Amino acid sequence: MDTKANLLIRKGRVIDPASGRDDVADLLVEEGRLVRVGASLDAPGAEIMEAEGLWVIPGLVDSCVHLSLPGEGPWTGDVASECRAAAGGGITHMAVQPDCGPVDSTAVVRLIREQAGQANFARALPVAALTQGLAGEHLAEMQTLAQAGCIAVGQAGASVASSLTLKRCLEYAATFDLLVLFRPEDASLTAGGCAHDGAVAARLGLPGIPAVAESVALSRDLLLVEATGVRAHFQQISSRHSLTLIREAKRRGLPVTADVSIHHLLLDESALEGFDSRCHVLPPLRTVEDRQALLDAVADGTLDAICSKHQPLGSFSKAAPFPSTRPGISGLDTLLPLVLKLVQDGALPLHRALDAVTSAPARCLGIPAGQLETGRMANLAVVAPDEQRVMNERWLSRGRNSPWFDAVLPGSVRRTLCNGEVSWLAE
């Protein structure tokens, strides 16, 4: 759709974690801007949406999405197709990881932004490569890429083996106040592994990845963050040992935030029983104790945000012996439903859970999003929170590689507004 919305949403439960608002109210959007929130509003000529029994929440912000340009990369879903899936899931902003291309040239940045703009479903925010070609050897043109529209720099999970090279990258990023995204992983401890190095992997005969592979790399990264003063966001923390390091870094005042993938909050290593390749992910699903520690860390704010870690793969990528399958879960369709499931199950309080997918990731990424702020272009979702639906009846991502593809989950998005325009409208 190509016109700014004039819309009055009546009598919805307005939940805005950033402001602490939670009450039944009307919202008025005029020419795409959220202009008023209050009781018994009137707007002659505007479209009326009756939202009694529905929630009105900020558009979700997803801090980790992997996409491909058409004809390139390992992911089945490209920028246009997955922006549509994002809108259908109430997501208005998503950080596109630098393995889309990779994002080490301004031409790739322009392509991502143009394709997302043409699709007109959700804002795709490119993350620039930290090193050229993500090879971990030479610094990328980070500041040039930031000026072209990248919101941060990172390696998309590719390692930088040399601590000296990484230090120089961070010094450069700190000079220009660029946010650096890390996914801590020691490549030598991870090499050849496909499952958590524990009881399940041993029983199934799968090569393991120890939790220390994450915490060793995290320790080095935190020391270099302290030495350089760079702003850092750590992605997909998976072990309780890493949480101790994150807590200590925050206690000491380091400029550090962190997130966790939604699947690490719901699944543990037991999901691999039967060699279910849909649960082959990196970092691997860890122990029950790790999963509970991650939930507790989201609840207390040690982990700021929850992301989808969306990796849309074709069926062939999962049709092989478990160690040979490609890791990843398609997560845009299920991010909000799974967050609501955690709330329904009593695993997370409502406001903290919604904060973790709206205002908190926006703060981590340093973008003006994730809240219902009057005067700004409207970015919001209208949701039927208790409506149960079979996910595969309206699965929008091209990647169907999800253990929840056939699940019945709560939460159906009725309408999404992105940048003041209706980007999703349920039939």
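The text that follows walks through the structure, step by step, so that each part is easy to find. Please read all numbers here as calculations on a predicted model, not as lab measurements.

What about the overall build of the protein chain?
In step 1: The helix and strand tally for the protein chain stands at 13 helices and 18 strands.
In step 2: If one aligns the C-alpha atoms of the protein chain with their principal axes, the spans along those axes are about 65 × 50 × 45 Å.
In step 3: Here the protein chain, with 427 residues, has 60% of them falling under the buried criterion.
In step 4: Nonlocal contacts in the protein chain, meaning residues at least 24 apart in sequence, comprise 74% of its contacts between residues at least 6 apart.
In step 5: Entry remark: accessible area of the protein chain is about 15800 Å², with carbon and sulfur atoms responsible for 49%.

Overview of the pairing of strand β5 (residues 55-58)
In summary, the side chains of a regular strand alternate between the two faces of the sheet.
In step 1: The pairing of strand β1 (residues 7-16) with β5 spans two bridges and is parallel. By the bridge assignment for β5, Val14 is matched with Val56.
In step 2: Bridge count for β5 against strand β16 (residues 380-390) is four bridges, and the pairing is antiparallel. By the bridge assignment for β16, Val56 is matched with Val382.

Overview of helix α8 (residues 240-251)
An α-helix turns once per 3.6 residues; consequently, residues spaced three or four apart project the same way.
In step 1: In a regular helix each residue adds 1.5 Å, so twelve residues correspond to 16 Å; α8 covers 17 Å between its end C-alpha atoms and thus fits that length.
In step 2: Of the residues making up α8, those classed as buried are Ser242, Leu243, Ile246 and Ala249. The arc that holds the buried residues of α8, viewed along the axis, is 125°, so those residues lie on one side. Of the exposed residues in α8, the ones pointing more than 90 degrees away from its buried face are Thr244 and Arg251.

Brief notes about the packing of aromatic side chains
In step 1: Per the stated rule, a full pass over the model turns up three aromatic pairs.
In step 2: Aromatic side chains Phe182 and Phe234 sit 4.8 Å apart centroid to centroid with 20° between the ring planes, which places their arrangement in the stacked category. You can see Phe182 sitting in strand β10 (residues 180-182) and its partner Phe234 sitting in strand β13 (residues 232-234), a full 52 residues away along the chain. Phe234 shares its class with Phe182; the two are buried.
In step 3: On the numbers, 5.1 Å between centres and 70° between planes, the contact of Trp395 with Phe405 is edge-to-face. You can see Trp395 sitting in the loop between β16 and β17 (408-418) and its partner Phe405 sitting in the loop between β16 and β17, a full ten residues away along the chain.
In step 4: Using a relative accessible area of 8% as the deciding quantity, one classes Trp395 as buried.

Quick look at empty space enclosed by the protein
Over the atoms, a rolled probe matching the size of one water molecule traces out where space is still vacant.
In step 1: According to the stated counting rule, one finds three cavities of 30 Å³ or more in the structure shown.
In step 2: Space inside the largest cavity adds up to approximately 50 Å³.
In step 3: Around the largest cavity, the lining residues are Arg183, Pro184, Glu185, Thr190, Ile209, Ala213, Glu214, Leu282, Pro283, Pro284 and Arg286.
In step 4: Considering only residue class, the lining of the largest cavity consists of six nonpolar, one polar and four charged.

Quick notes on the packing of helix α7 (residues 212-228) against α8
In step 1: Look at α7 against α8: their axes get within 9 Å of each other, and the N-to-C directions meet at 15°. The orientation of α7 with respect to α8, classified from their angle, is roughly parallel. The two elements α7 and α8 cross, and the hand of that crossing is left-handed. Two secondary-structure elements touch here, α7 through Glu214, Ser215, Leu218, Ser219 and Leu222 and α8 through Ser242, Leu245, Ile246 and Ala249.
In step 2: Its residues assigned to classes, the contact of α7 with α8 comprises five nonpolar, three polar and one charged.

As for the packing of α8 against helix α10 (residues 288-300)
In step 1: Interaxial distance between α8 and α10 falls to 9 Å at its minimum, and their mutual angle equals 25°. As summarised for this structure, α8 and α10 are arranged roughly parallel, according to the angle between their axes. On α10, the residues touching Arg240, Leu243 and Arg247 of α8 are Glu289, Asp290, Ala293, Leu294, Ala297 and Asp300.
In step 2: Along the lines of polarity and charge, the residues of the contact of α8 with α10 split into four nonpolar, no polar and five charged.

A few points about the layout of surface pockets
In step 1: By volume, the largest pocket amounts to about 350 Å³.
In step 2: What lines the largest pocket is a set of 23 residues, among which Ser159, Val160, Glu185, Arg220 and Asp221 lie closest to the centre.
In step 3: In terms of residues, the lining of the largest pocket owes the most to one element, α7, which gives four residues.
In step 4: Tallied by class, residues from the lining of the largest pocket come to 13 nonpolar, five polar and five charged.

Criteria and cut-off values
Residues numbered from 1 in each chain as written. Predicted model: local features only at pLDDT ≥ 70, side-chain atom pairs only at ≥ 80, totals over all residues. Heavy atoms only, no water. Helix = DSSP H or I, 4+ residues; strand = E, 2+ residues; numbered from the N terminus. Buried < 20%, exposed > 50% of the residue type's maximum accessible area, 1.4 Å probe, protein only. Contact = heavy atoms within 4.5 Å. Areas by Shrake-Rupley, 256 points an atom, 1.4 Å probe, with all protein chains shown as cover. Pairing = 2+ DSSP bridges. Expected span 1.5 Å × (residues − 1). Arc of directions from axis to C-beta. Phe/Tyr/Trp six-rings, centres within 6.5 Å; stacked < 30°, edge-to-face > 60°. 1 Å grid on protein atoms, 1.4 Å probe; cavity = no way out; pocket = protein on both sides within 12 Å on 5 of 7 lines; lining within 4 Å. Points joined across faces, edges and corners; volume = space filled by probe spheres on them. Nonpolar A, V, L, I, M, F, W, Y, C, P; charged D, E, K, R; others polar. Axes fitted to C-alpha atoms, helices over the stretch in contact; angles between N-to-C directions. Parallel < 35°, antiparallel > 145°, perpendicular 65-115°, else oblique. Left-handed = near helix turned anticlockwise from the far one by under 90°.

Function-wise, these values are silent; they only describe arrangement.
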